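# Residue-level structure breakdown
Spelled out from the first residue to the last, the chains are:
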Amino acid sequence: MTAVLTDLHGAAGDDSAAGSGGSVPAQPATGQDSHATTAATATTAATSAPAAARPTLVELEQSSPFADRHIGPDPEAAGRMLSLLGYDSLDALTEAAVPGSIRLTERLNLPPARSESEVLTELRDIAGRNRVFRPMIGLGYHGTFTPPVILRNVLENPAWYTAYTPYQPEISQGRLEALLNFQTVVADLAGLPVANASLLDEATAAAEAMTLARRSTKSKSHRFLVDADVFPQTLAVLQTRAEPLGIELALADLSSGGADVVLPEGEFYGVLVQYPGASGQVRDLKAIAAAAHARGALVAVAADILSLTLLTSPGEAGADIAVGSTQRFGVPLGFGGPHAGYMAVRENLSRSLPGRLVGVSVDVDGQQALRLALQTREQHIRREKATSNICTAQVLLAVIAGMYAVYHGPEGLTAIARRTHRYTAVLAAGLREAGVEVVPTAFFDTLTVRVPGRAAEVWRAALSAGVNLRLVDEDTVGVSCDETTDWADLRAVWSAFGVTGKEASGVHELDRGTEDALGEHVRGTAFLTHPVFHAHRSETAMLRYLRKLADRDIALDRSMIPLGSCTMKLNATTEMEPITWPEFGAIHPFAPLDQASGYLSLIGQLEGWLAEVTGYARVSVQPNAGSQGELAGLLAVRAYHRDQGQEQRDVCLIPSSAHGTNAASAVMAGMRVVVVAAREDGSVDVTDLKAKIEKHRDQLSVLMITYPSTHGVFEEEVTEICDLVHAAGGQVYVDGANLNAMVGLAKPGSFGGDVSHLNLHKTFCIPHGGGGPGVGPVGVRAHLAPYLPNHPLHPIAGPRPEGGGVGPVSAAPWGSAGILPIPWAYIRLMGAEGLRSATQHAILAANYVAKRLSEHYPVLYTGPNGLVAHECIIDLRQITKDTGVTVDDVAKRLIDYGFHAPTMSFPVAGTLMIEPTESEDLAELDRFCDAMLAIKGEIDRVAAGDLDREDNPLRQAPHTAATLVGDWKHGYERAEAVFPAGVNPADKYWPPVRRIDGAYGDRNLVCSCPAPEAFEG
């Protein structure tokens, strides 16, 4: 058996000798204070030691810390990596790489690390403090049932949740098809031809519609009408977003409906209508749209996605834009998120659509292939000219919602909607029969019930029966039904209103005698006619469909994803497991807070730990993406200056190397962007910074910097840079995208930062999920704490009990609270020492990769002592000039080796940015380096003329299995194409398509599932 295992895996201890070419001598690491010895060593010591030297139970319980599972290289491997770099310990490497001016001298003040079983037990206790009531509050959040086949094979499947954004479409065809399904569901139900691949939530989608309408209309007005029956959280987010942009919001009573609808006097450029309204009332969209269009305004409709299976679609009624949430399509409530918002638009607005858009293109062989269309918007955002800072989506949740529709099909969705509506209609009939006033005459799933002076009494009575209703005011109660509603819920609600005598026989008689209450707004158009929504009714078929799509992709469960700036590290199963527990998943975001004491405890602890890690006074987890964290931080700075009587401070300094969202966020916060030059080494040009500060001294609001820099180095002048800005009265925003290089080693709040957003989907292990979910908390020093986001429906979520702050930036008070157990568990599992060790190993891995590649590819930027931070940039520009081989060629060739490419051409065109993270072991690091060196060998053959400049394995990559059949017309062998050096044929990843024609896809934009006939011939 041992011989067989040796043949399969190689000799023990030989995992990196081949990869390093034998150049890295094996030697033990020193200074490894947090990485434990291997289990084998511990076992040997235990069996051979005398009784006096045997480890105690305490020592044994601590002998296998979680950090050893999270961090890839063991001490021996780390020692070999350090030896190649010329250092004898991680601490020595840290001292050389991290400037002393920012380096911490003390350990983080965090609870000690706990084992996986202990952390799960602790989380069980926290979850148990939440109380799950029947969620009949509504307001866009509803109980739903996630089909187990989707729960197990998507939400709980690392093939889906560890995938990265599909910027490399050839290895993303599975998730791209899933997103195309989602877009088709949204487009069909909304009755509009183009939908995007999800937005962050309904409220921010409505805000995007507000700005989309503004930039797409000929109107010179800055006035935007908002339905008075809009969800309150949506109105609050609109107010947050409108004021800095100079948009005037005006509430409009659209309740008259019909042809008699009257819009306010004066000019306005757009209208937002809630459909159905917060009250439950379904209005005549056609009349509202006609009246608005007659005034030259665009019409956006915030529509309930399930209701659109029964109600006239927004597009059919004349709307230009539809937005909403797909949460009730199988996505748990999660105390507010994450959920996939949606947006669909008319054809003429498609090229202004924010966010990501999956389109249909072809590969070089003419085969149908999917890609992100118009994706230059995403990778190279229009900086200070941008009108949206969206740079992410909610892919994992969009996949769930889309698959919910695939599984149920149009008939199943309609049945769920009809059942939901019937429960609501019968509930209304029972109330009216007892003399209780039900306000809406036409409704789908929500009722507003008037009980003068008794609303609180009714609300409490329902509460005592385990049902959450919406307390609207002292006279009014709201009730919403959903797919989980049953007869017991109706009886509990009737009883709360004082309606008795509803026995089973009478209830069914009431049902038979009650008409539907959709009014004149019944849908007359078909939807989800594509075969994909009719082919997967059985669980077997659905299971195989999900497996087929997952197999088309490269995710972190298959291989290393070395993306710079994206930190594709381990998302441990222990961290992921709790998010599916009902005590976390089934809590409504507007439930009474005594039902969410577990959540509040977890959030409070997490915010405190993040404050300790970053050196800030306060942290808010409300922003549900890094872009929203940026906006929240800049809004806090703006509000602070205004409270200081310095409204003129509106200049935001941004280095030329910064990520595009920085400038876009600044514009959305009402600031003017001034670009600061970068030196040739990629660092901030301090001379130019001083000149810009002097020029704008009285108007300077904030400097936005990324640290370590976007170029992957620790800039030694960062404290001087912060001091210069502070001396001029400005604030310093430190972008937390690269925090994985600082945790436990440096704190932005201690070396000069006033505010930072963090990316919990990077440093703190929330998975990327194919491009979402994410959480982008914002941390601030004490003087900015009063200006953190707040929320009107739960003031406790804000900085002050009286509800101060800049307003909400997300629909839910604590944003995507449902995934906060992930970073909580990561910090609890790692402890201070584990977090510090992880950072050190991330720096070690990046420098090891840079060192191994540097003799073959120039490393573009380095910091102190010639070292990089947690990522490195290799420069292919001269290679391209000499040989014609481009970064695209290298990226696509890496697919043949089974790898996702590094980040291409950011922040410098013609380069690759590599971030290996701490979670990859030495064998995988060497496998990647070996692939890159083999590719350099192929490039050298092109340069020498041994391979044709066009007909070579790089330019023709990636190679599919289909390329091996038929005539082979290339000047290199089939085996060389598909089994290049180091690729084991038994483990081969086969890409489903060849290189995709991006230009074709942008010229021929197809944004929903096309008919199969469209691809014949």
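Use the structure listed above.
Here the structure is a predicted model, which means the values were calculated and not measured.

For helix α26 (residues 718-727), every residue scored as buried is listed here: Val 718, Ile 721, Cys 722 and Val 725. One face of α26 carries all of its buried residues, which in axial projection span an arc of 95°. Opposite the buried face of α26, by more than 90 degrees, sit the exposed residues Asp 723 and Ala 727. On its buried side, α26 packs onto α25 (686-695), β19 (700-706) and β20 (731-735).

What follows covers the pairing of strand β17 (residues 651-655). Counting buried positions along β17 yields five of five residues, so the element is predominantly enclosed. Residues Val 651, Leu 653 and Pro 655 point to one face of β17 and Cys 652 and Ile 654 to the other, with burial holding for every one of them. Bridge count between β17 and strand β18 (residues 672-676): five bridges; the pairing is parallel. In the strand pairing of β18, Cys 652 is matched with Val 673.

The next subject is the packing of helix α27 (residues 821-854) against helix α30 (residues 922-944). Put simply, α27 and α30 touch, their axes get as near as 10 Å, and they point 30° apart. With respect to each other, α27 and α30 are oriented roughly parallel. Considering only the axes of α27 and α30, their crossing is right-handed. Each of Ala 845, Tyr 848, Val 849, Arg 852 and Leu 853 in α27 lies in contact with α30, whose residues at this interface are Leu 922, Leu 925, Asp 926, Phe 928, Cys 929, Asp 930, Met 932 and Leu 933. Across the contact of α27 with α30, the residue classes tally to 10 nonpolar, no polar and three charged.

In space, the seven strands of this open sheet follow the order β2-β8-β7-β6-β5-β3-β4, with mixed pairing throughout. Because the sheet does not close on itself, it has two edges, and the strands there are β2 (194-195) and β4 (248-252). In the sheet, β2 pairs with strand β8 (residues 341-345) via two bridges, with the strands oriented antiparallel. Bridging from a neighbouring strand, Val 194 pairs with Val 345 of β8.

Time to look at unusual backbone geometry. Here the residue pair Gly 337 and Pro 338 is connected by a cis peptide bond, since its omega of 10° sits within 30 degrees of zero. Along the chain, the position of Pro 338 falls in the loop between β7 (321-325) and β8. Residue Pro 773 follows Gly 772 across a cis peptide bond; omega there is 25°. In this model, Leu 528 sits at a positive phi of 50°, which is unusual for a non-glycine residue. Along the chain, the position of Leu 528 falls in the loop between α18 (504-512) and α19 (539-551). For Leu 528, a relative accessible area of 0% translates into the label buried. The residue Asn 865 is not glycine, and still its phi comes out positive at about 60°. The topology assignment puts Asn 865 in the loop between α27 and β23 (872-875). A residue is classified by how much of its surface remains accessible, and Asn 865, at 57% relative accessible area, is exposed.

Thresholds applied
- Residues numbered from 1 in each chain as written.
- Predicted model: local features only at pLDDT ≥ 70, side-chain atom pairs only at ≥ 80, totals over all residues.
- Heavy atoms only, no water.
- Buried < 20%, exposed > 50% of the residue type's maximum accessible area, 1.4 Å probe, protein only.
- Helix = DSSP H or I, 4+ residues; strand = E, 2+ residues; numbered from the N terminus.
- Arc of directions from axis to C-beta.
- Contact = heavy atoms within 4.5 Å.
- Pairing = 2+ DSSP bridges.
- Axes fitted to C-alpha atoms, helices over the stretch in contact; angles between N-to-C directions.
- Parallel < 35°, antiparallel > 145°, perpendicular 65-115°, else oblique.
- Left-handed = near helix turned anticlockwise from the far one by under 90°.
- Nonpolar A, V, L, I, M, F, W, Y, C, P; charged D, E, K, R; others polar.

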